[in-house]
2 protein chains.
Amino acid sequence: MGTDDPQFGGTLSVAVVDADTPGNIGTIARAMKNFDVSELLLVDPPPLDPDGEAYGFAGQAREDILPGASELSFEELTTEYHTIATTATTNEDSTSHVRYPGMTPDELPGHLDGLSADVAVVFGRERVGLHNDELASCDVICSIPASGSYPVLNLGQAATIVLYELRSVAVTRTQHPETLHERATEAEIDRLYDQFDQFLDAVGHPEPKRKKSARLFRRLVGRAHPTPREARTLQGILRRGTVRSEDE
Amino acid sequence: MGTDDPQFGGTLSVAVVDADTPGNIGTIARAMKNFDVSELLLVDPPPLDPDGEAYGFAGQAREDILPGASELSFEELTTEYHTIATTATTNEDSTSHVRYPGMTPDELPGHLDGLSADVAVVFGRERVGLHNDELASCDVICSIPASGSYPVLNLGQAATIVLYELRSVAVTRTQHPETLHERATEAEIDRLYDQFDQFLDAVGHPEPKRKKSARLFRRLVGRAHPTPREARTLQGILRRGTVRSEDE
């Protein structure tokens, strides 16, 4: 996300409505912690025993997100928040159903850009999800594209994907270095190509084949996007090979 | 994915190495079923009891993916497959560590485009993941960008995200209709705008404000990308309001 992009200026929360299984709430809390979302809202939650599955599945979220979760009614949720409801299945076409249109999770960051509001992503119960009247009271409907033959994800897994997609909104600093893949400069790569040409010469690669082999090497290396270290190491090895072959 | 894009022409599998918890294998199997990946490879798996957690967490994957899973050694895995290893943490910079460079999950479909090979996405043990020597024997390293302060995802949740990102490679038909959000045509939207102008006239909206209000309405509606049904319904309501107001 470039610094010139409109930023999301609100707060991001997760709401879980009427879940049966404490373990799923723990899984959701862990995903929140993994993607820097801290406010957990619970509508009609099951009891969350500190020695039970919710805390067992929550990882480090057991320290803050779970004990800090707040309970509220569904009406309070839709009144106080801009609500993004999640659902596994959508209706056939845009004429048949009031819930249409929907967004996919990858569209959510764009939807939030430039927005200044308290936003809650709302997850429903296991198996049946959110009821139709609940979906109808939410502002946006979001659905994860999945297999047509088995599109119903487990609650905790669905929440993990949606929170992952919202990372550009919520996560300010990831564990990754600035560039996960630092590519060598063109000059470094050119030096590697030159060294390869010299190597072909030194090992006596047949003259008519040289141009073709040089091109093959360029294509292969170009496709691999070498790091500076890879380009330097490979150049060094080829240089040694060139010198040794010339000594023969 | 357009039909002109280079397609992945190989097979896609998931490998789980030395997992402790049967439940995690069940969670991974369910995500595979949700995203149309069917071959599950297990290296040193725990016993998978048909009445235990693996089958309990697998949803419909209990019918085929779990009973069809095959066991193999890590060496067989790296010999027979193009392996994409997953890891939570990457090293500081490209000079310090042989495992660099890495990819993020959203880059995997591009990496597989045009490739014809048996590919396995490899997930490691709970807590410690894959060992360094295992990472070193894999072809590609993939890491999910997450919170810098807590980047370690649960095994089943990490696999869910990676399989979600590979959906364009594996899922041929999602549960969604062709367009999840069918936008009204410009002509339909223009008719709505015209109706709004007539409505402003009929209700006697002050002349000097009309142009500004018309623009405000166009901006609001434009931002909402109305469906054909929404545009038609709103136009019909405004038409009734226009006729009634003219009758007054």
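Everything discussed here concerns the structure shown above.
Keep in mind that what you see is a predicted model, and the values were worked out from it rather than measured.

1. A closer look at the packing of helix 8 (residues 186-202) of chain A against helix 10 (residues 228-247) of chain A
All names here are of chain A.
Phase 1 of the analysis: For the pair helix 8 and helix 10, the least separation of the axes is 9 Å and the interaxial angle reads 20°. By the angle between their axes, helix 8 is roughly parallel relative to helix 10. Judged by the twist between their axes, the crossing of helix 8 over helix 10 is left-handed. Taking contact as the criterion, the partners of Glu188, Arg191, Leu192, Gln195, Phe196, Gln198, Phe199 and Ala202 in helix 8 are, on helix 10, Pro228, Ala231, Arg232, Leu234, Gln235, Leu238, Arg239, Gly241, Thr242, Ser245 and Glu246.
Phase 2 of the analysis: Residue classes in the contact of helix 8 with helix 10 are distributed as eight nonpolar, six polar and five charged.

2. Some words on the sheet that holds strand 5 (residues 118-123) of chain A
All names here are of chain A.
Phase 1 of the analysis: Within the open sheet, the six strands sit side by side as 3-2-1-5-4-6. Their pairing is parallel. Of all the strands in the sheet, just strand 3 (70-71) and strand 6 (140-142) have a single pairing partner and so form its edges.
Phase 2 of the analysis: Both strand 4 (residues 82-86) and strand 6 contribute to a ladder of three bridges, which runs parallel. Bridge pairing links Ile84 to Val140 in strand 6.
Phase 3 of the analysis: Contacts from helix 6 (residues 155-165) reach strand 1 (11-17), strand 4 and strand 5, with the element oriented near 150° to strand 5.

3. Structural notes on the nonpolar core
Phase 1 of the analysis: Counting residues in each nonpolar core, the largest one holds 85 residues, and the members touching the most others are Leu12 of chain A together with Leu12 of chain B.
Phase 2 of the analysis: Discounting residues that sit within four places of it in the chain, Leu12 of chain A has contacts with Val37, Leu112, Val119, Val121, Leu166, Val169 and Ala170 of chain A.

4. Some thoughts on the interface of chain B and chain A
Phase 1 of the analysis: Each side of the interface is counted separately: chain B has 57 residues, and chain A has 57 residues.
Phase 2 of the analysis: Three residues stand out in chain B for area buried against chain A, namely Tyr150, Gln157 and Gln175 of chain B, and they jointly supply 15% of the buried area on that side.
Phase 3 of the analysis: Inspection of the chain B/chain A interface yields zero salt bridges.
Phase 4 of the analysis: Between the two partners, chain B and chain A, sit 30 residue pairs in polar contact (both at pLDDT 80 or more).
Phase 5 of the analysis: The dominant element in the side of chain B that touches chain A, judged by the number of residues it contributes, is helix 6 (residues 155-165) of chain B, at six residues.
Phase 6 of the analysis: Class assignment of the residues belonging to the side of chain B that touches chain A gives a composition of 21 nonpolar, 25 polar and eleven charged.

Rules behind the numbers
- Residues numbered from 1 in each chain as written.
- Chains lettered and ligands numbered in written order.
- Predicted model: local features only at pLDDT ≥ 70, side-chain atom pairs only at ≥ 80, totals over all residues.
- Heavy atoms only, no water.
- Axes fitted to C-alpha atoms, helices over the stretch in contact; angles between N-to-C directions.
- Helix = DSSP H or I, 4+ residues; strand = E, 2+ residues; numbered from the N terminus.
- Parallel < 35°, antiparallel > 145°, perpendicular 65-115°, else oblique.
- Left-handed = near helix turned anticlockwise from the far one by under 90°.
- Contact = heavy atoms within 4.5 Å.
- Nonpolar A, V, L, I, M, F, W, Y, C, P; charged D, E, K, R; others polar.
- Pairing = 2+ DSSP bridges.
- Core = buried A, V, L, I, M, F, W, Y, C linked by side-chain atoms within 4.5 Å.
- Buried < 20%, exposed > 50% of the residue type's maximum accessible area, 1.4 Å probe, protein only.
- Buried area = accessible area lost by both parts, 1.4 Å probe.
- Salt bridge = Lys/Arg side-chain N within 4 Å of Asp/Glu carboxyl O.
- Polar contact = N/O pair within 3.5 Å; in protein donor to acceptor, adjacent residues only side chain to side chain.

What is shown is where atoms sit, not what they do.
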